[in-house]
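Chain by chain, the residues:
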Amino acid sequence: MIKGVNKKIIEINDTNNIYFEKAVLYVRSQMSSTPQKHLMNEAKYYLDQMSPENYEKRSSKTLLYFMAAAVITFLIVTIIIFKCL
């Protein structure tokens, strides 16, 4: 089924990604008046954030935050236990 709706589309042919050769992004209707250069910069930034290298950085950072939260929680629980004794 085809709808009669006009959409602004950003097509990136050079994704700098070994897995994907092209990306197609649909611009939100409320952002359609945004200058084309700004939309292209945002599209490239978005794609860069999705790269495998950035995913690995985010994953290791998330693991670091999780470990820090676990250590802090352990210390708080230990302090509470010793104060109750």
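Everything below is about the structure shown above.
Every residue gets a number counted from 1 within its own chain, in the order that chain's sequence is written. Since the coordinates come from a predicted model, pLDDT governs what is reported: local features require at least 70, and pairs of side-chain atoms require 80 or more to be given and counted, while whole-chain, interface and lining totals use all residues. Each side-chain value is worked out from all heavy atoms of the structure, with water and hydrogens disregarded.

1. Section: the pattern of salt bridges
Alright, step 1. The salt bridge definition used is simple: a Lys or Arg side-chain nitrogen within 4 Å of an Asp or Glu carboxyl oxygen. On inspection of all chains with the given rule, the structure shows one salt bridge.
Alright, step 2. Between Lys 22 and Glu 11 there is a salt bridge, and its shortest N-O distance comes to 3.0 Å. With Lys 22 in the loop between β1 (9-12) and β2 (23-26) and Glu 11 in strand β1, this pair connects stretches of sequence that are 11 residues apart. Only runs of H or I of at least four residues qualify as helices and only runs of E of at least two qualify as strands under DSSP, and these elements are numbered from the N terminus.

2. Side note on helix α1 (residues 36-49)
Alright, step 1. Under the 1.5 Å per step criterion, the end-to-end length of α1 is 20 Å for 14 residues, consistent within 8% with the ideal 20 Å.
Alright, step 2. Contacts made by the buried residues of α1 are with β1 and β2. Expected span, for any helix, means 1.5 Å times one less than how many residues it has. Working rule for contacts: check all heavy atoms of both residues, and any pair within 4.5 Å makes them a contact.

3. Things to note about the nonpolar core
Alright, step 1. Ile 10, Ile 12, Ala 23, Val 27, Leu 39, Ala 43 and Leu 47 form the largest nonpolar core, which has seven residues in total.
Alright, step 2. When contributions to this core are tallied by element, the ones reaching two or more residues are β1 and α1.
Alright, step 3. Looking at this core element by element, the count peaks at three residues for α1.
Alright, step 4. When neighbours within four sequence positions are excluded, Ile 10 is seen to be in contact with Ala 23, Val 24, Leu 25, Val 27, Gln 36, Leu 39, Met 40 and Ala 43. What makes a nonpolar core is a set of buried Ala, Val, Leu, Ile, Met, Phe, Trp, Tyr and Cys residues whose side-chain atoms join them at distances within 4.5 Å. The cut-offs for exposure are 20% and 50% of the maximum accessible area for each residue type, with area from a 1.4 Å probe on protein chains only; residues under the lower value are buried, those over the upper are exposed, and the others partly exposed.

4. Some words on the pairing of β1
Alright, step 1. With burial as the criterion, only one face of β1 is covered, namely that bearing Ile 10 and Ile 12; the residues Ile 9 and Glu 11 on the opposite face remain uncovered.
Alright, step 2. Think of it this way: DSSP has to see at least two bridges between two strands before they count as a pair. Bridge analysis of β1 against β2 gives four bridges, and the strand direction is antiparallel. Pairing of Ile 12 across the sheet is with Ala 23, part of β2.

5. As for a nonpolar patch on the surface
Alright, step 1. Only residues whose relative accessible area exceeds 30% and that form no salt bridge are eligible for patches; like-charged ones are grouped when within 9 Å, while nonpolar side chains (Val, Leu, Ile, Met, Phe, Trp, Tyr) are grouped when within 5 Å. Using a 1.4 Å probe, accessible areas were evaluated by the Shrake-Rupley method; residue-level cover was limited to the displayed protein chains. Nonpolar side chains collect at one region of the surface, where Val 77, Ile 81, Phe 82 and Leu 85 lie side by side and expose about 470 Å² of accessible area between them.
Alright, step 2. On the secondary structure map, Phe 82 appears in helix α2 (residues 52-84).

6. Comments concerning the side chain of Thr 34
Alright, step 1. Note that Thr 34 resides in the loop between β2 and α1.
Alright, step 2. A residue is classified by how much of its surface remains accessible, and Thr 34, at 16% relative accessible area, is buried.
Alright, step 3. Contacts described as polar in this section are N or O atom pairs within 3.5 Å, which, within protein, must combine one atom able to donate a hydrogen with one able to accept it, while residues neighboring in sequence count only if both atoms come from side chains. In this structure the side chain of Thr 34 is engaged in a polar contact, spanning 2.9 Å, whose partner is the backbone oxygen of Met 31.
Alright, step 4. Those residues within four positions of Thr 34 in sequence are excluded, and the remaining contacts are Lys 8 and Leu 39.

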